[in-house]
Every structure is written in structure tokens, then in C-alpha cells.
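Spelled out from the first residue to the last, the chains are:
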Amino acid sequence: MLAVILSGGSGTRLWPLSREAYPKQFLPVVSEETLLAETIDRGLALGDKARVMAITNEEHRFVVAAHLQAQAPERSAGIILEPVGRNTAPAIALAALAAAEENPEELLLVMPSDHVLKNQDVFRQAVSQGAEAARAGKLVTFGIVPDAPHTGYGYIKAGPAHEGYNDVAAFVEKPDEETARQYLEEGDYFWNSGMFLFRADRYLEELESQQPAMIKACRAAWKERNSDMDFTRVGAEAFKACPDDSIDYAVMEKTRDAVVVPLDAGWSDVGSWSALWDIQPHDENNNVCRGDVITEDVSGSYIHSEGRLIAALGITDHVIVETDDVVLVADRNRVQDVKKLVAQVKAQGRHEHRFHKKVHRPWGTYEGIAMGERFQVKRITVKPGASLSLQKHHHRAEHWVVVKGTATVNRGDDVLLLTEDQSTYIPLGVTHRLTNPGVIPLELIEVQTGSYLGEDDIVRFEDTYNRV
């Protein structure tokens, strides 16, 4: 079985904790592990021969690769990069095309990277039930047994029952509350989990039948693929011509072979701050508090501190989330509208919708400490053995002070070895490179000075990570 993990996302629903450049699947929002790490573990637990493949984009590729290298170095089936987002149906088609080259009847278990499943044993049992139907040519989806009249999910109406699964009678759009209560009472409706199981060849056959333009574009893009380190890049122009559609609309609602396996395993798509409040343990006042939090006369609230103390008094049903650069305060019943705040941030030309103060790069991280007219201070951390690109800047000079570890600095024709408390100066326009030759993280303070300090003032000459 091949676990296909879909890792996209715009980082809006759990903003400001998640951002475009670092959406929720990369965050440990429920446990000590990130949601992506939990999803990878879920795939690996399907059996000793189970492999894991990820579908993601250029911006997130190194974070996804780091997860797979850490968790599945021997069982990774690679990472496919989409040049543009075209929704789930084409993304899964690329995975099916890759799998079919080795084994057309390979079972693909498709999972979003940002869901929570509390009971792994129940999940594995459901997958085992679905696998029998999938091997017989069915296209399996997993229907979550509802415990509330939720209006934020699509529903699946179950048809005639078979051993371990039901035929799908209908896929139903998100209902209003009265309709959702009716679905709950009737008992034959499930929440649509967005997880699927089928043979690679069966999915491709359905696309040929239902979406010929889509599969034609995907085949053309796959034919033009090229490999780069852990990544497979498909043909950009061919993929851009692909229709944009979800697997639900493109395939599952049209096929005659859709079946649903009931799943009651503590599932959540973590689609909002209120969803996080729902699935985590509550204190005696019905609150969920994470980090440095003090409350007095507070109930029904989710309060999350990333660093600073949050002191809350006399509030009910609120969400308060503190990060280094943003504090969110919201009515817990209105958190679906957080995306409206994100839209305002974008419209004002700000950057808080896109980046955290700590920005992740393939070589490590950098974090803004201070900024003023013609200067900027950053904390830079470089992983052991990692190296930044060979580069220069047209508009700024840089001063580096090593705080921890050892740095090799290429500066023009000079090569310097710096240890703790030593420093160097990179004049404007001089070609330079920073490398960590040691076995512990390199930490340094960088002071930039100049007329323009934007991240786009970088001219790269060589780069280990093939960035432009």
C-alpha cells in the first residue's frame, strides 16, 4: 500500500499560528508532533511494506522532505511537486501515474496532511476493511460517524450495506443546522473525511472516463517530469493547462463504484480554532489553555500563548492566540471568519499572513529581532553540515557575530573560520557564503545595513538546494 499525503494549504484557518509559508500541518497544534508527522506515522503503521509519498509545492518542499527523511528514510516513495495548485483530483492523478509505473494495482491511501485521528487501531481496521473492496475495483472513501449536527462538513449518504462497507447513495453539500440535525437522526449519513483508498489503475480508468481533459494534461505533465534531489517536478505548462477540480466532484460523485467505510476514530480536520477547542482536553472551566496563560472567571475559551504571558479576565467563549508578531482575539463562534482578517492583512500590503517572525529555510531558520531605518537585526540558525547559497547583495552590507558553534565564511577570495564571539563584515556587493561545518547548530546574529533590506535583494551564484 502507498500512503499518498496531500500537503498544501494556505495557512488561513489557524492564523496567526499558521501562515502561507508554514501552514498548520507543520505545527504541533495537538500533540508534540506536527500534524504532518502524525500523518506520516499513520501511513507507515499500515504495514512493514507500506510506503509514503507526498504531494506538495515548491515553497513547502524542504519542510516536507525533512519530515520524510526523519521518519521514513527507507520507505519514502518520493515527493511530487505541483508547479501550480489544481486541487485534489489532479494531484492524486500524479501519484497514481507514479505508482502505476511499478504496479498498476498498487493500493493508494490518500490522506490530507493536516487531520487528527485519535484512535489509530480503529483507523487501521477501517483501512483493512476498505482494502478488500479497493482490490476488487471499488473506489473507497471513509465516512466519519457524526457526533453532532456539524454544518462545516460535506456529508455522504450511505446506500445498501455489504461486508465492511456501504455503497454511496449520494454526496451532499454542507447543510444548514436543521438539515444536519435531520441527517444525525436518520443515522445513515457520514461526514466526508477527504480520505480515499483505491487501486492506481482504477483511479486512472475513472479519470479517463469522467475527466479526459484532466488525465490528458496530467499524463503530459508526468511525461515531462524531471528529478531534483528527493523531488519530482512535473511539466509546468502541461500541468497549468489541467482543469482545477476536487476528487469529490471530478470522480467520486460520478463513478458507479464509490463505496464508504464508516470510521469512528476521533477524527477532526482541525478546520478552525473552535475545532481545536473541541478535540482537546478541557479544564474545570471548559477552557483549553496552552503555553503561559493565567485566567480568572474565564470559561469556554481557547487560549494559546507562544511566548508571552496571556492574562485573561471575565470572558466567555473566546479565542486568544499570541505569536511573536500577532495577537488574535475572537469570539469562538466566529472563528470561521478569521480569513476575513487575513484578507485585510493582505490588502494592507503587510507580510503577517505569509511569514512568521521565524522563517524556515532548507538550511535552517532566520528570525527578525529588530528593524529600523537603514538597519535590520536577525538571529540565524544553520543546521549542522548545511550551507547558504553563494550570493551577493546590491543594496546592503552585513555584519555577522557567531553566538554558538562554528562558521566557515566565504568572503570574496577569503575563507574564514569563525568560532563563538568572533565576527566578520560582508561589504555591499561582495560575494559570500555561510556554512556550518560542525555537528551542532550554528547560531549567529546578523546586522544588515543599507538602503534596501528586502529578501529579494539576493543574487545567487551557487545553491545546494537549486533555488533561483
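Cut-off values and rules
Residues numbered from 1 in each chain as written. Predicted model: local features only at pLDDT ≥ 70, side-chain atom pairs only at ≥ 80, totals over all residues. Heavy atoms only, no water. Helix = DSSP H or I, 4+ residues; strand = E, 2+ residues; numbered from the N terminus. Polar contact = N/O pair within 3.5 Å; in protein donor to acceptor, adjacent residues only side chain to side chain. Contact = heavy atoms within 4.5 Å. Expected span 1.5 Å × (residues − 1). Buried < 20%, exposed > 50% of the residue type's maximum accessible area, 1.4 Å probe, protein only. Arc of directions from axis to C-beta. Pairing = 2+ DSSP bridges. Axes fitted to C-alpha atoms, helices over the stretch in contact; angles between N-to-C directions. Salt bridge = Lys/Arg side-chain N within 4 Å of Asp/Glu carboxyl O. Phe/Tyr/Trp six-rings, centres within 6.5 Å; stacked < 30°, edge-to-face > 60°. Lys NZ or Arg CZ within 6 Å of the ring centre and 35° of its normal.

## Topic: the side chain of R42
In this structure, R42 sits in helix 1 (residues 35–44). A polar side-chain atom of R42 sits 3.3 Å from a polar atom in the side chain of Q120. With near-sequence residues (within four places) excluded, R42 lies in contact with M111, H115, V116, L117, Q120 and F123.

## Observations regarding the environment of A148
Examined against the element boundaries, A148 turns out to sit in the loop between strand 6 (139–144) and strand 7 (155–162). The spatial distance from the C-alpha of A148 to the C-alpha of A180 is 8.3 Å, given a sequence separation of 32 residues. Filtering out sequence-adjacent residues up to four positions away, A148 remains in contact with Y155, L184 and W191.

## Some words on helix 4 (residues 120–135)
Across its 16 residues, helix 4 extends 22 Å between first and last C-alpha, which sits within 8% of the 22 Å expected from 1.5 Å per residue. Here helix 4 has its buried residues at F123, A126, V127, G130, A131, A133 and A134. All buried residues of helix 4 lie within an arc of 165 degrees about the axis, which places them on one face of the element. Within helix 4, the exposed residues directed more than 90 degrees away from the buried face are D121, Q125, E132 and R135. Of the residues trailing helix 4, G137 is marked for its positive phi of about 105 degrees.

## A word on the pairing of strand 17 (residues 310–313)
Burial along strand 17 is one-sided: I310 and A312 are buried, and none of A311 and L313, which face the opposite way, are. Where strand 15 (residues 293–296) and strand 17 come together, four bridges link them in parallel fashion. In the strand pairing of strand 17, T295 is matched with A312.

## Details of the sheet that holds strand 19 (residues 327–331)
Strands sit in the order 14-16-18-19 across an open sheet of four strands; the sheet is mixed. Lying at the two open borders of the sheet, with one neighbouring strand each, are strand 14 (288–290) and strand 19. Ignoring which end each strand starts from, the neighbouring axes of this sheet average 5 degrees apart.

## A closer look at the sheet that holds strand 22 (residues 375–382)
Strand order in the open sheet formed by six strands is 20-21-22-29-24-27, with antiparallel pairing between adjacent strands. Looking at strand neighbours, the two that pair on one side only are strand 20 (358–361) and strand 27 (423–426), the edges of this open sheet. Ignoring strand direction, the axes of neighbouring strands in this sheet form an average angle of 20 degrees. Looking at chain direction, strand 20 and strand 21 (residues 364–372) are connected through four bridges and run antiparallel. Directly across from H360, in strand 21, lies its bridge partner T365.

## Comments concerning the environment of L313
Position of L313 relative to the elements: it lies in strand 17. Separated by 84 residues in sequence, L313 and A397 have C-alpha atoms that sit 47 Å apart. Setting aside residues no more than four positions away along its own chain, L313 makes contact with E296, D297 and V298.

## With respect to the pattern of salt bridges
Considering all chains together, one arrives at 32 salt bridges under this definition. The closest approach of N and O atoms between D257 and K138, which form a salt bridge, is 3.5 Å. Of this pair, D257 sits in the loop between helix 9 (247–252) and strand 12 (258–263) while K138 sits in the loop between helix 4 and strand 6, and the two are 119 residues apart along the sequence. A relative accessible area of 24% means that D257 is categorised as partly exposed. Note on K138: relative accessible area 23%, which makes it partly exposed. The partner of E367 in a salt bridge is R379, with the nearest N and O atoms 3.2 Å apart. Taken as a pair, E367 in strand 21 and R379 in strand 22 lie far apart in primary sequence, 12 residues in all. Judged by relative accessible area, which is 15%, E367 ranks as buried. The exposure class of R379 is partly exposed, given its relative accessible area of 35%.

## Some details on the packing of aromatic side chains
Summed over the entire model, instances satisfying the criterion amount to 11 aromatic pairs. Considering the side-chain rings of Y183 and Y189, the 4.0 Å spacing of their centres and the 15 degrees angle between planes classify their relative orientation as stacked. Owing to a relative accessible area of 10%, Y189 belongs among the buried residues under this scheme. Pairing W191 with W267 gives two aromatic rings, centres 6.4 Å apart and planes at 50 degrees, and the pair type is tilted. Here the residue W191 occupies a position in strand 9 (residues 189–199), and W267 occupies one in strand 13 (residues 267–268), the gap between them amounting to 76 residues. We classify W191 as buried; its relative accessible area is 5%. One aromatic cluster is present, formed by F62, F231 and Y465 through successive ring pairs. Taking the ring centre of Y366 as reference, the NZ or CZ of K378 above it sits at 4.1 Å.

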